[in-house]
Amino acid sequence: MPSSADELVELLDLEPIDVNLFRGTQPDTRLQRVFGGQVAAQALVAGARTVDEPLTVHSLHSYFLLPGDPTVPIVYDVERIRDGRSFSTRRIVARQHGRGIYYMTASFQVPETGFDHQDVMPEVTSPEQSTDLADVFRRRGDEGWLKEWAALDLRYVGDSRPGGVIPADERPSQVRLWLRVSGELKDDPLLHQAAFTYASDLTLLGSTLIPHGKLVSSPGMQSASLDHTVWFHRPFRADEWLLYDQASPSASGGRGLAIGRVFREDGRLVATVAQEGLIRDRGA
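None of these values were measured; they are calculated from a predicted model. (Residues numbered from 1 in each chain as written. Predicted model: local features only at pLDDT ≥ 70, side-chain atom pairs only at ≥ 80, totals over all residues. Heavy atoms only, no water.)

Colleague: What am I meant to see in the overall build of the protein here?
Modeller: Tallying secondary structure elements over the protein gives five helices and 13 strands in all. Computed over its C-alpha atoms, the radius of gyration of the protein comes to 18 Å, within 12% of the 19 Å expected for a compact globule of 284 residues. Taken along the three principal axes of its C-alpha coordinates, the protein extends 55 × 45 × 40 Å. Per-residue burial over the protein gives 50% buried out of 284 residues. (Helix = DSSP H or I, 4+ residues; strand = E, 2+ residues; numbered from the N terminus. Rg over C-alpha atoms; globule rule 2.2 N^0.38 Å. Buried < 20%, exposed > 50% of the residue type's maximum accessible area, 1.4 Å probe, protein only.)

Laid out in structure tokens, this is it:
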């Protein structure tokens, strides 16, 4: 995976190969399949390359269909569904080996003013007071994790496990962490939206396992993202701290649902993320 902000930017810089057709490169990785955040971020960039300013993405909805092959490029085919005065819609198919592995529908809007309200950001420890996940994995001697996710800076605030810092009264499955790209990005808003989309898939499914004492990486666990949605509310920078407030309202039938609220440090709610994923305990 990209080991720096520069490598992440390079990963998101797609090659145009024909009208509405783009090719994405693959990073050096130990993963057996393409990271879902990567294909979602690259698909978003492909769709955005086919709309004109001042349109910007306000939502994306997607399905993961097949595991991606990390050894070959991904081709992104963009269908121009609709171009209106205020909104434009694109459907993006990610293909490998002649098959669709991922579908996204993205909607773009001309910026406008209107009613404004938002949830209040929860009170949490600052990024500097939170646990640096890189230090945790370094103490465990897991250099592989450090290499795979070095482009991201992650600070763990806490969760709702017994004895955790988040009360588990009404919402028994919660996780909070700070995240940012580990390096400075250019001012392009699309780059920041795509970089966050990349990061948004890393920890969200894990929040569905909090009450069950399991991790996505636990022995016997079979897990995979099934769908992924992001709504962008307000401007932000992915290279500045974002609070990722994650909760799972339900798990059943081998699937877990997770919702994430994303806040800037100043308390502004900038995005909401939703994901359902497969969570099977084969060791049970």
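Structure's up, so let's keep going.
Colleague: Help me understand the packing of aromatic side chains, please; the structure alone is not making it clear to me.
Modeller: Think of a pair of aromatic rings as described by two things: how far the centres are apart, and how the planes are tilted against each other in angle. By the definition in use, this model includes six aromatic pairs. Plain terms: the ring middles of Phe196 and Tyr244 are 5.9 Å apart, the flat faces sit at 70 degrees to each other, and that makes the pair edge-to-face. Here Tyr244 lies in strand E11 (residues 242-252) and Phe196 lies in helix H5 (residues 189-200), a separation of 48 residues in the sequence. Under the relative-accessibility criterion, Phe196 is labelled buried at 1%. Here Tyr244 falls in the buried class, since its relative accessible area comes to 0%. Ring centres of Phe232 and Phe236 lie 6.3 Å apart, and the angle between their planes is 15 degrees; on these two criteria the pair is classed as stacked. With relative accessibility at 9%, the residue Phe232 sits in the buried group. Given a relative accessible area of 11%, Phe236 falls into the buried group. (Phe/Tyr/Trp six-rings, centres within 6.5 Å; stacked < 30°, edge-to-face > 60°.)

Colleague: Could you clarify how one ought to interpret the side chain of Ser173 in this entry?
Modeller: Looking at where Ser173 falls in the secondary structure, it is placed in the loop between strand E8 (152-159) and strand E9 (174-181). From its side chain, Ser173 meets the backbone oxygen of Ser207 in a polar contact 2.4 Å long. Beyond its immediate chain neighbours, meaning those up to four positions away, Ser173 contacts Ser160, Ser207, Thr208, Ile210, Pro211, Gln246, Ala247 and Ser248. (Polar contact = N/O pair within 3.5 Å; in protein donor to acceptor, adjacent residues only side chain to side chain. Contact = heavy atoms within 4.5 Å.)

Colleague: What is the right way to read unusual backbone geometry from this model?
Modeller: Peptide bonds are mostly trans, and most non-glycine residues show a negative phi. Here the amide bond leading from Glu53 into Pro54 is cis, since omega sits at 5 degrees, within 30 degrees of zero. Tracing the backbone shows Pro54 in the loop between helix H2 (36-48) and strand E3 (56-64). In the Ramachandran plot, Asn20 falls in the positive-phi region, its phi being about 65 degrees despite a non-glycine side chain. When you line up the elements, Asn20 lands in the loop between strand E1 (15-18) and strand E2 (21-24). Judged by relative accessible area, which is 18%, Asn20 ranks as buried. A positive phi angle, close to 55 degrees, is found at His97, a residue other than glycine. Of note, His97 is situated in the loop between strand E5 (87-96) and strand E6 (99-109).

Colleague: How should I be thinking about the nonpolar core in this particular structure?
Modeller: A general trend in soluble globular proteins is that nonpolar side chains are found buried together. One finds Tyr76, Tyr102, Met104, Phe196 and Tyr198 to be the most contacted residues of the largest nonpolar core, which totals 60 residues. Setting aside anything within four residues of it in sequence, one finds Met104 in contact with Ala40, Ala43, Leu44, Leu60, His61, Ser62, Arg90, Arg91 and Ile92. Val157, Trp178, Trp241 and Phe263 belong to the second-largest nonpolar core, a separate cluster that totals six residues. (Core = buried A, V, L, I, M, F, W, Y, C linked by side-chain atoms within 4.5 Å.)

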